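# Observations on the three-dimensional arrangement
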Amino acid sequence: MDEQTARREICRVGQLMYERSYVVSPDGNISARLDGGRIVATPTMTCKGRMTEDGLAVTDTTGKPLTEARPSSELAMHLLIYNERPDVTAVCHAHPPHGTAFAVAHLAIDQPILSEVILTLGCVPLAGYGTPSTEELSDAMRPLIKHHNALLMANHGAVAYGSDLWQAFDRLETLEHTARIAILSRILGGPNNLPTDAIEKLINVREAAGYLDEGARCQACGYLHETRIACPTGDRPAPRSYSPATTNGASKISLTREELVDLLSQAVNNRI
Ligand SMILES: [Zn+2]
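Structural notes, computed from the coordinates. (Residues numbered from 1 in each chain as written. Predicted model: local features only at pLDDT ≥ 70, side-chain atom pairs only at ≥ 80, totals over all residues. Heavy atoms only, no water.)

Below, the discussion takes up the overall build of the chain. A count of helical and extended segments in the chain gives nine helices and nine strands. Contacts in the chain between residues far apart in sequence, at least 24 positions, make up 63% of those at least 6 positions apart. Carbon and sulfur atoms make up 51% of the accessible area of the chain, which totals about 13,700 Å². (Helix = DSSP H or I, 4+ residues; strand = E, 2+ residues; numbered from the N terminus. Contact = heavy atoms within 4.5 Å. Areas by Shrake-Rupley, 256 points an atom, 1.4 Å probe, with all protein chains shown as cover.)

Below, the structure is given as structure tokens:
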């Protein structure tokens, strides 16, 4: 990507992220990898809706600033993704409310509820909590980057990446839209998952169409583990569950009064 295009598109993507409330105040950051390896990134402490093309920061491949404007300290997350994924040239990090609600609830977006999401994005795993801008966060994200194009970060937000800025933004938007639909469907009685054979057909279609390659079969999401689709490299991680709220090794769960009453009623009626 050339620098002029990167600067123009970062400002446009930032404006869209701000208008759609994926970020507020100076939240979030966007970057692009230029031909030759330098990085153009959003400057620190700047609202994404009010950036100017000449106000962006440029760094070398290690994040060292080459301009007066300094990048966000969260650039480390972007550099990690560029290191792990040579095919990626753009990264968008934001705190979109519905996707971030999943991250705060310690849930991955990994239920097979929407055919087009299986076709184009795949599942979105949850990386455990790490302090922003530290190695802790990088360590939590690293194992998930290779086979996923978007991640949730516990108690923080979301990051999506792709071969250009629009693909990275589109993936972030799909993540947020899916999270919103998943939450709304709960109000209507709960989502219905696609059956296993339908998932297998969708995976065949996405590979034939070139939306996602065979590497996406190795995603760490629950529904792929239920199919007969094999991970070609054999390194599919186990489905991740993240539950830090434990006492003496026992997981704690919490229920609302309504959920508890419903559960007890079902038990009394022998429905569970
Ligand atoms: Zn953040």
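Once that is clear, we can look at the packing of helix H2 (residues 75-84) against helix H5 (residues 135-145). Two quantities define a packed helix pair, namely the angle between the helix axes and the distance between the axes. Two elements in contact, H2 and H5, have axes separated by 10 Å at closest approach and are oriented at 30°. By the criterion of interaxial angle, the relationship of H2 to H5 is roughly parallel. Judged by the sense of rotation from one axis to the other, the crossing of H2 with H5 is right-handed. Residues Met-77, Leu-80, Ile-81 and Glu-84 of H2 form the contact with H5, whose own contacting residues are Leu-137, Ser-138, Met-141, Arg-142 and Ile-145. Broken down by class, the residue content of the contact of H2 with H5 amounts to six nonpolar, one polar and two charged. (Axes fitted to C-alpha atoms, helices over the stretch in contact; angles between N-to-C directions. Parallel < 35°, antiparallel > 145°, perpendicular 65-115°, else oblique. Left-handed = near helix turned anticlockwise from the far one by under 90°. Nonpolar A, V, L, I, M, F, W, Y, C, P; charged D, E, K, R; others polar.)

This part is about the pattern of salt bridges. Under the defined criterion, the tally for this structure stands at nine salt bridges. The residue Arg-142 makes a salt bridge to Asp-139 at a minimum N-O spacing of 3.0 Å. Of this pair, Arg-142 and Asp-139 both sit in helix H5, three residues apart, which is roughly one turn of the helix. Judged by its relative accessible area of 30%, Arg-142 is partly exposed. A salt bridge links Glu-200 to Arg-228; its shortest N-O distance comes to 2.6 Å. In this pair, Glu-200 is assigned in helix H7 (residues 196-209) and Arg-228 in the loop between helix H8 (222-225) and strand S8 (246-247), connecting sequence segments 28 residues apart. Taking the relative accessible area as the measure of exposure, Glu-200 reaches 11% and is therefore buried. Shared partners join several salt bridges into a network, and the residues in it are Glu-84, Glu-135, Asp-139 and Arg-142. (Salt bridge = Lys/Arg side-chain N within 4 Å of Asp/Glu carboxyl O. Buried < 20%, exposed > 50% of the residue type's maximum accessible area, 1.4 Å probe, protein only.)

Here we come to the coordination of the zinc ion. Binding of the zinc ion to the protein goes through Glu-74 (OE), His-93 (NE2), His-95 (NE2) and His-156 (NE2), at separations of 2.0 to 2.7 Å. Classification of the site at the zinc ion as irregular follows from its four donor atoms and the range of 76 to 169° in their angles at the metal. On the basis of relative accessible area, His-95 is assigned to the partly exposed category, the value being 23%. (Donors = N, O, S within 2.8 Å, 3.2 Å for Na, K, Ca; no water. Tetrahedral: all angles 85-135°; square planar, octahedral: opposite > 155°, others 65-115°.)

What follows is about H7. With 14 residues, H7 should reach 20 Å at 1.5 Å per residue; the first-to-last C-alpha distance of 20 Å fits that figure. The complete set of buried residues in H7 reads Ile-199, Glu-200, Leu-202, Ile-203 and Arg-206. Burial along H7 is one-sided: seen end-on, the buried residues are contained in an arc of 160°. Of the exposed residues in H7, those oriented more than 90 degrees away from the buried face are Lys-201 and Ala-208. Packing partners of the buried residues in H7 comprise helix H4 (115-120) and H8. Directly beyond the C-terminal end of H7, a positive phi value near 80° is found at Gly-210. (Expected span 1.5 Å × (residues − 1). Arc of directions from axis to C-beta.)

Without other data, these values stay purely geometric and don't point to any function.
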